[in-house]
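Per-entry structural report
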Amino acid sequence: MPDTLNELPAPDADARAHGERVSARICDEIDRAGGRIPFARYMELALYAPGLGYYSAGSVKLGEAGDFVTAPEISPLFAFCLARPCRPVLASMDGGEILEFGAGSGALACGLLEELERLGALPARYAIVELSADLRARQRERLRECVPRLLDRVVWLEGLPETPLRGMILANEVLDAMPVHRVVRGPDGWRELYVRRAETGGFAYAPGPLSEPRLQERLAAILAELGEESFPEGHVLEINLASERWVAAVGAAFARGVILLADYGGPRREYYHPERRAGTLRCFYRHRAHGDALILPGLQDITADVEFTALAEAAVGVGLEVAGYTTQAYFLLGGGLMEWEQRLAQAPAPERVRLAQQIRRLTLPGEMGERFKILALSRGFDAPLPGLSFRDERGRL
Ligand SMILES: C[S@@+](CC[C@H](N)C(=O)[O-])C[C@H]1O[C@@H](n2cnc3c(N)ncnc32)[C@H](O)[C@@H]1O
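Everything in this summary refers to the structure shown in the same document. Remember, it's a predicted structure, so these values are computed and weren't measured experimentally.

**Some words on the packing of helix α13 (residues 337–344) against helix α14 (residues 349–363)**
Running from amino to carboxyl end, α13 crosses α14 at an angle of 165°, the nearest separation of the two axes being 11 Å. As the angle between them shows, α13 and α14 are arranged roughly antiparallel. Here α13 and α14 pass one another in a crossing that is left-handed. Contacts from L337, W340, E341 and L344 in α13 reach R352, L355, I359 and T363 in α14. Taken together, the residues that form the contact of α13 with α14 break down as five nonpolar, one polar and two charged.

Below, the structure is given as structure tokens:
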């Protein structure tokens, strides 16, 4: 939409040229597919086309100079608290490992390794699976700066390890960056949103039949729970098949321990609330949020909230237990916030103000406190998990 484009800061000439290369790649695929591709494929190309997509190419992305910030970027408190559930899991086994998916700038890996070292609970190995070559290089650099003595424990893997993992698997804001299908309630039933070339240049939506049988099954589960009448004509929903498949694959390659998934989102009933008429898709460009995913391909982040009920079902389907589900605010409160605040009491006054602001951003309901959730899945580990047992909200899933 030109209106949205006009409200955003203008990309510079290099960024515009890059955006044109990404558009050309997407147009090429649309032409080869006969005129349209599912929105999920458009999102995958815009974010991950090798060397071109938003996450694959070299823009700053995370942090104040990029497009968005995540909890580990906002404050070291997040890693400090995440170390608490890692400690008992790693202590319960010899040679337990941590595997982090989508490690972004490396902030969480640095904070976790520092805190686990302090707690005397380091993993035998800290593995990272990262799709983006650019981010892999930045992670290595950041770890070299902040924990050079621990760098020999860190490895980058191309995918899931061949030997089923024992320890912790972590994914913070990774599932919300996976491509989603979009479906819309049309006059004669549900249709999928595809992307085609627009007559005036750029891209446009085109409704079509559901592209995968699994979408029909997921839609049926949503309608059974919320009622067909909740969704009038024009209502748009996102369905994230990639995240369910990811949970199933990760669960199948997991021997023992805990998987922690942290993301914006909620249970099915809230996620597909009838008032969310346009779904949850959001784009971020230089810290401005908007809803038009068809502009600035390759230059902006595209994300959709995570439906945690679907993840829990996928996990149970591969024999994992749902060990905990709570909001970020309760996770931090039950997992070390008090201890963190006591430490801060010794900091100089200006530093204390800055740190207090970080705590507010992570915990207030209008910020990340309630909208951000933590889901714990386990196999062969049933001791209480610090942070997750403080307020157990599994009944809402
Ligand atoms: C929004 S960023 C979050 C980065 C980091 N976890 C943080 O919290 O700052 C999303 C990250 O997920 C990665 N990603 C997306 N899908 C992935 C997948 N299937 N496997 C591994 N990484 C993935 C992206 O490359 C990117 O690093």
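Now, onward.
**Regarding the packing of aromatic side chains**
Using the criterion set out here, one finds 12 aromatic pairs in the structure. Judged by centre distance (5.8 Å) and plane angle (70°), the ring pair of W190 and F231 falls under edge-to-face. With W190 in strand β7 (residues 189–197) and F231 in the loop between α8 (213–226) and β9 (236–239), this pair connects stretches of sequence that are 41 residues apart. When the ring of Y330 is compared with that of F390, the centres are 6.2 Å apart and the planes differ by 45°; the resulting orientation is tilted.

**Details of the packing of helix α6 (residues 107–118) against helix α7 (residues 133–146)**
At a minimum axis distance of 9 Å, the contact between α6 and α7 shows a crossing angle of 30°. Between α6 and α7, the interaxial angle falls into the category roughly parallel. The crossing of α6 and α7 is right-handed. Taking contact as the criterion, the partners of A107, A109, C110, L113 and E114 in α6 are, on α7, R142, L143 and C146.

**Section: the nonpolar core**
In this structure, L77, L112, Y126, L143 and L260 are the most contacted members of the largest nonpolar core, which totals 52 residues. Sort the elements by how many residues they give to this core and helix α5 (residues 77–91) lands first, with 10 residues. Here L260 is in contact with L82, P85, M168, I169, L170, A171, I374, L375, A376 and L388, once residues within four sequence places are set aside. Core analysis: the second largest hydrophobic core is formed by 42 residues, I26, L47, L219 and F284 among them.

**Remarks on the pattern of salt bridges**
Using the criterion set out here, one finds 32 salt bridges in the structure. Its salt-bridge partner being R149, residue E117 comes within 2.9 Å of it at the nearest N-O pair. With E117 in helix α6 and R149 in the loop between α7 and β4 (154–157), this pair connects stretches of sequence that are 32 residues apart. Given the relative accessible area of 30%, E117 is considered partly exposed. When its relative accessible area of 48% is taken as the criterion, R149 is described as partly exposed.

**Re the site of the ligand**
Taken together, 19 residues form the shell around the ligand, and within it Y48, T70, G102, E130 and N172 come nearest. Taking E130, its side chain carries an N or O atom lying 2.5 Å from an oxygen atom of the ligand. Surface burial for the ligand is 94%, taken as the share of its 590 Å² of free accessible area covered by protein chains.

**A few points about unusual backbone geometry**
One non-glycine residue with positive phi stands out, namely E173, at about 50°. Along the polypeptide, E173 turns up in the loop between β5 (165–172) and β6 (181–186). Look at E173 and you get buried, because its relative accessible area is 14%. Even without being glycine, R286 reaches a positive phi, approximately 45°. Along the chain, R286 turns up in the loop between β11 (282–285) and β12 (288–290). For R286, a relative accessible area of 34% translates into the label partly exposed.

**Quick look at the pairing of strand β10 (residues 254–266)**
Taken residue by residue, a regular strand's side chains alternate between the two faces of the sheet. β10 sits mainly inside the fold: 11 of its 13 residues count as buried. Judged from the eight bridges that link them, β5 and β10 form a sheet pairing that is parallel. Across the sheet, residue A171 finds its bridge partner in β10, namely L261. Pairing of β10 with strand β16 (residues 372–379), which is carried by eight bridges, proceeds in the antiparallel orientation. Residue pairing for β16: L261 is matched across the bridge by L375. Where β10 and strand β14 (residues 306–307) come together, two bridges link them in parallel fashion. Within β14, the residue paired with G265 across the bridge is V306.

**Here's the deal with the state of the cysteines**
If you walk through the whole model with that rule in mind, you get one disulfide. A sulfur-sulfur separation of 2.4 Å characterises the disulfide bridge that pairs C110 with C146. Disulfide C110-C146: the torsion about the S-S bond is -115°, which places it as left-handed. Pair noted here: C110 is in helix α6 and C146 is in helix α7, with a separation of 36 residues, a long-range link. Overall, the relative accessible area of 4% leaves C110 in the buried class. Counting only cysteine sulfurs, C283 is the nearest neighbor of C27, a cysteine outside any disulfide, at a range of 18 Å. Judged by its relative accessible area of 13%, C27 falls in the buried class. The cysteine C86 is free of any disulfide, with C81 supplying the nearest cysteine sulfur at 11 Å.

Thresholds, definitions, all that
- Residues numbered from 1 in each chain as written.
- Predicted model: local features only at pLDDT ≥ 70, side-chain atom pairs only at ≥ 80, totals over all residues.
- Heavy atoms only, no water.
- Axes fitted to C-alpha atoms, helices over the stretch in contact; angles between N-to-C directions.
- Helix = DSSP H or I, 4+ residues; strand = E, 2+ residues; numbered from the N terminus.
- Parallel < 35°, antiparallel > 145°, perpendicular 65-115°, else oblique.
- Left-handed = near helix turned anticlockwise from the far one by under 90°.
- Contact = heavy atoms within 4.5 Å.
- Nonpolar A, V, L, I, M, F, W, Y, C, P; charged D, E, K, R; others polar.
- Phe/Tyr/Trp six-rings, centres within 6.5 Å; stacked < 30°, edge-to-face > 60°.
- Core = buried A, V, L, I, M, F, W, Y, C linked by side-chain atoms within 4.5 Å.
- Buried < 20%, exposed > 50% of the residue type's maximum accessible area, 1.4 Å probe, protein only.
- Salt bridge = Lys/Arg side-chain N within 4 Å of Asp/Glu carboxyl O.
- Near = heavy atom within 4 Å.
- Polar contact = N/O pair within 3.5 Å; in protein donor to acceptor, adjacent residues only side chain to side chain.
- Areas by Shrake-Rupley, 256 points an atom, 1.4 Å probe, with all protein chains shown as cover.
- Pairing = 2+ DSSP bridges.
- Disulfide = S-S within 2.5 Å.

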